[in-house]
Amino acid sequence: MTGVKVLVIGGGAREHALCRSLSLDPDVTALHCAPGNAGIAEVAEVHQVDALDGTAVAGLAASLGADLVVVGPEAPLVAGVADALRERGFPVFGPSAQAAELEGSKAFAKDVMAAAGVPTARAYVCTTPEEIDAALDAFGAPYVVKDDGLAAGKGVVVTGDLAAAREHALACGRVVIEEFLDGPEVSLFAVTDGETVVPLQPAQDFKRALDGDEGPNTGGMGAYSPLPWADPKLVDEVLQTVLQPTVDELRRRGTPFSGLLYAGLAITSRGIRVIEFNARFGDPETQVVLARLKTPLAGLLHAAATGTLASVPPLRWSDGAAVTVVVASHNYPGTPRTGDVIEGLAEAAELDDAYVLHAGTAHDAEGRVVSAGGRVLSVTATGPDLETARTRAYEAVSRVHLPGGHHRTDIAARAAEGS
């Protein structure tokens, strides 16, 4: 597979990580991204498009002569953008709208897991105040309350405060209330064409806004890979008990899942349990997983999009580690302040084995890079071990200045100490 033109849909740090890896793939001869961001514009040609409009996205793909379209975020997938592209004959990395309900509806995901025999938390789907009160009473504290629909990583509340749990549940409309799962959390991605499932390397992300896992939930404040504390058999076990059964069940239902299946897992005292599924690469875990992937990315994604994944050789990985630290804007995860000028990007780029991936950035009228969202940058570094990668990532963070910005200082700290 040579001379591939790739179009990536999305404009966050996940898409910057995808574009960076694709730009390093010798088989990729043209790389486009829509709508992109200020950082993506350095490695791909960016285009304006409504990412939720399947007709518009397909039209752009046609005008570019794209050989592969990669849909990054969940909202376009749930909106059926991948379906619109497939109807026009484009190879698409990303599931259909029906299959993407695995992320779009927590209740649907629970139903699939029950049918597939996938281990997960016990849960109730509630639509009335009476059902909510009964479910909260049944499980007790700590309470786990999940908005049934998409909420950009901020629809989940885990709290010991009954009043706060009930308030969130009532605000959701349709809500899933489930038992609390103890133990560390792991993110495991798998590339699939609807039959063959190829797991990637596990990562761990940090959802809370503040050091020590304090503060409100966010879309993710950092991540690292590999996990030195994890059982070496973890990936094989998750493939056999979670990933393959889920893909098989969706195919049995007539809604095959093709693209990236993301399993959020809790390693509990009773074994592995699925916290949630996502239908796309996770952010910020993608940044560290792709940093370690040595296999060229375009061929892997194209094989998933064309049903030929079984013929792909085993994936190759670096032996080292990767750490990413998210720099967020003032007031995130509340309403973020935007338009602040970001300085020090060139200084950070001078470091070896470290680079800055853009999430919420744009160019202002003077051509300066400014903040344009809540999570602004994903500062990523690699090294022979977690401690080295972590040191390099924070050195790069120290060179970047975002007025009012904040970041966690403890990403991968505990894992690095034990590795």
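The structure presented is a predicted model; accordingly, all values stated were derived computationally and were not measured.

J.: Whenever I open this one, the packing of helix α6 (residues 106-116) against helix α9 (residues 234-252) confuses me. Can you help?
T.: Helix packing geometry: the angle between the two helix axes and the distance between the axes. Taken N-terminus to C-terminus, the directions of α6 and α9 make an angle of 100 degrees; their axes are 9 Å apart at the nearest point. Classified by the angle between their axes, α6 and α9 sit roughly perpendicular to one another. Here α6 contributes Phe 108, Val 112, Ala 115 and Ala 116 to the contact with α9, which in turn contributes Pro 245, Thr 246, Glu 249 and Leu 250.

J.: Would you mind going over the environment of Arg 375 with me for this structure?
T.: As for its position among the elements, Arg 375 is in strand β22 (residues 375-383). Measuring from C-alpha to C-alpha, the distance between Arg 375 and Met 221 comes to 8.1 Å, with 154 residues separating the pair along the chain. Sequence-distant contacts of Arg 375, that is, excluding residues within four places in its chain, are made with Gly 219, Gly 220, Asp 283, Pro 284, Val 326, Val 327, Ala 328, Tyr 332, Ala 359 and Gly 360. A polar atom in the side chain of Arg 375 sits 3.1 Å from the backbone oxygen of Gly 220.

J.: Honestly, empty space enclosed by the protein in this entry has me stumped. Any pointers?
T.: Enumeration over the complete set of coordinates arrives at two cavities of 30 Å³ or more. Lining the largest cavity, in full, are Leu 102, Lys 106, Ala 109, Lys 110, Met 113, Lys 146, Val 176, Glu 178, Ile 275, Glu 276 and Phe 277. Listing elements by their share of the lining of the largest cavity, those giving two or more residues are α6, β9 (175-178) and β17 (271-278). Considering every element that reaches the lining of the largest cavity, the biggest residue donor is α6, with four residues.

J.: I keep staring at helix α1 (residues 13-23) and nothing clicks. Help me out?
T.: Along an α-helix, residues three or four positions apart point the same way, because every turn accommodates 3.6 residues. Here α1 lies mainly inside the structure; nine of its eleven residues are buried. Turning to α1, its buried residues are Ala 13, Arg 14, Glu 15, His 16, Ala 17, Leu 18, Cys 19, Ser 21 and Leu 22.

J.: Any chance you could explain the pattern of salt bridges here in plain terms?
T.: In a structure, side chains of opposite charge can pair up when their charged atoms sit close to one another. Counting across every chain of the model gives 23 salt bridges. The shortest N-O distance in the salt bridge between Asp 111 and Arg 253 comes to 2.9 Å. With Asp 111 in helix α6 and Arg 253 in the loop between α9 and β16 (259-268), the pair connects residues that are 142 residues apart, well separated along the chain. Residue classification places Arg 253 among the partly exposed residues on the basis of a relative accessible area of 30%. A salt bridge links Glu 249 to Arg 253; the shortest N-O distance between them is 2.6 Å. Relative accessible area serves as the criterion here: at 6%, Glu 249 is assigned to the buried category. Salt bridges here are not isolated pairs; linked through shared partners, they connect Asp 111, Glu 249, Arg 252 and Arg 253.

J.: What am I meant to see in the sheet that holds β17 here?
T.: Note: strands within a sheet are paired through backbone hydrogen bonds, in either parallel or antiparallel orientation. On the basis of which strands lie adjacent, the open sheet formed by four strands has the order β11-β10-β16-β17 and antiparallel pairing. Edge positions in the open sheet fall to β11 (197-199) and β17, since each of these has one partner strand only. Across the sheet, the mean angle from the axis of one strand to that of its neighbour is 35 degrees, orientation sign disregarded. The sheet contact formed by β16 and β17 spans seven bridges and is antiparallel. Each bridged residue has a counterpart across the sheet, and for Ala 266 the counterpart in β17 is Arg 273.

J.: For this particular structure, what's the right way to read the packing of aromatic side chains?
T.: Each pair of aromatic rings is reported with the distance of its centres and the angle of its planes. For the structure shown, the criterion picks out five aromatic pairs. A centroid spacing of 5.2 Å and a plane angle of 35 degrees characterise the contact between Phe 189 and Tyr 262, whose relative ring orientation is tilted. In this pair, Phe 189 is assigned in strand β10 (residues 185-192) and Tyr 262 in strand β16, connecting sequence segments 73 residues apart. Grouping residues by exposure puts Phe 189 and Tyr 262 together as buried. Ring plane angle 45 degrees and centroid distance 6.0 Å describe the contact between Phe 206 and Tyr 224, whose orientation is recorded as tilted. Note that Phe 206 is positioned in the loop between β12 (204-205) and β13 (208-210) and Tyr 224 in strand β15 (residues 222-225), a separation of 18 residues in sequence. The exposure classification of Phe 206 matches that of Tyr 224, with both residues buried. Connected via pairs of aromatic rings, a cluster forms that spans Phe 93, Phe 189, Tyr 262 and Phe 281.

J.: What's the story with the pairing of strand β1 (residues 4-10) in this structure? I'm lost.
T.: Most of β1 is tucked away: six of the seven residues are buried. As defined by bridge partners, β1 adjoins strand β2 (residues 28-35) across seven bridges and the pair is classed as parallel. Within β2, the position partnered with Leu 7 by the bridge is His 32. Assessed by its sense of winding, the connection that carries the chain from β1 through α1 to β2 is right-handed. As defined by bridge partners, β1 adjoins strand β4 (residues 68-71) across four bridges and the pair is classed as parallel. What sits directly across from Val 6, in β4, is Leu 68.

The rules we used
- Along each chain, residues carry numbers from 1 onward, in the same order as the chain's sequence is written.
- Where local features are concerned, this predicted model is filtered to residues with pLDDT of at least 70; where side-chain atom pairs are given and counted, the filter is 80 or more; whole-chain, interface and lining totals use all residues.
- Computation of side-chain values covers all heavy atoms of the structure but excludes hydrogens and water.
- Think of each axis as a best-fit line through the C-alpha atoms, taken over the contacting stretch in the case of a helix, with angles from 0 to 180 degrees between the N-to-C directions.
- Helical segments are the DSSP runs of H or I of at least four residues, strand segments are the runs of E of at least two, and each set is numbered from the N terminus.
- Roughly parallel means an angle under 35 degrees; roughly antiparallel, over 145; roughly perpendicular, 65 to 115; everything else is oblique.
- Any two residues whose heavy atoms approach within 4.5 Å at even a single point are treated as in contact.
- Whenever a nitrogen or oxygen atom comes within 3.5 Å of another N or O atom, the pair is scored as a polar contact, on the condition that within protein one atom can donate a hydrogen and the other can accept it, and that pairs from neighbouring residues in sequence are kept only if both atoms are in side chains.
- Cavities and pockets are found on a 1 Å grid laid over the protein atoms alone: a cavity is a set of points where a 1.4 Å probe fits but cannot escape, a pocket is an open set with protein on both sides within 12 Å along at least five of seven lines, and a lining residue has an atom within 4 Å of such a point.
- Grid points are joined across faces, edges and corners, and a volume is the space filled by probe spheres set on the points.
- When a residue's accessible area, from a 1.4 Å probe over protein chains only, is under 20% of the maximum for its type it is buried; when over 50% it is exposed; and in between it is partly exposed.
- The working definition used for a salt bridge is a side-chain nitrogen of Lys or Arg within 4 Å of a carboxyl oxygen of Asp or Glu.
- Following DSSP output, two strands are said to pair if at least two bridges run between them.
- Stacked, tilted and edge-to-face are the three classes applied to pairs of Phe, Tyr and Trp rings, where Trp contributes its six-membered ring and a pair requires centres within 6.5 Å; stacked means planes under 30 degrees apart, edge-to-face means over 60, and tilted covers the rest.
- With its strands directed away from the observer, a crossover is right-handed exactly when the path from the first strand over the helix to the second travels clockwise.

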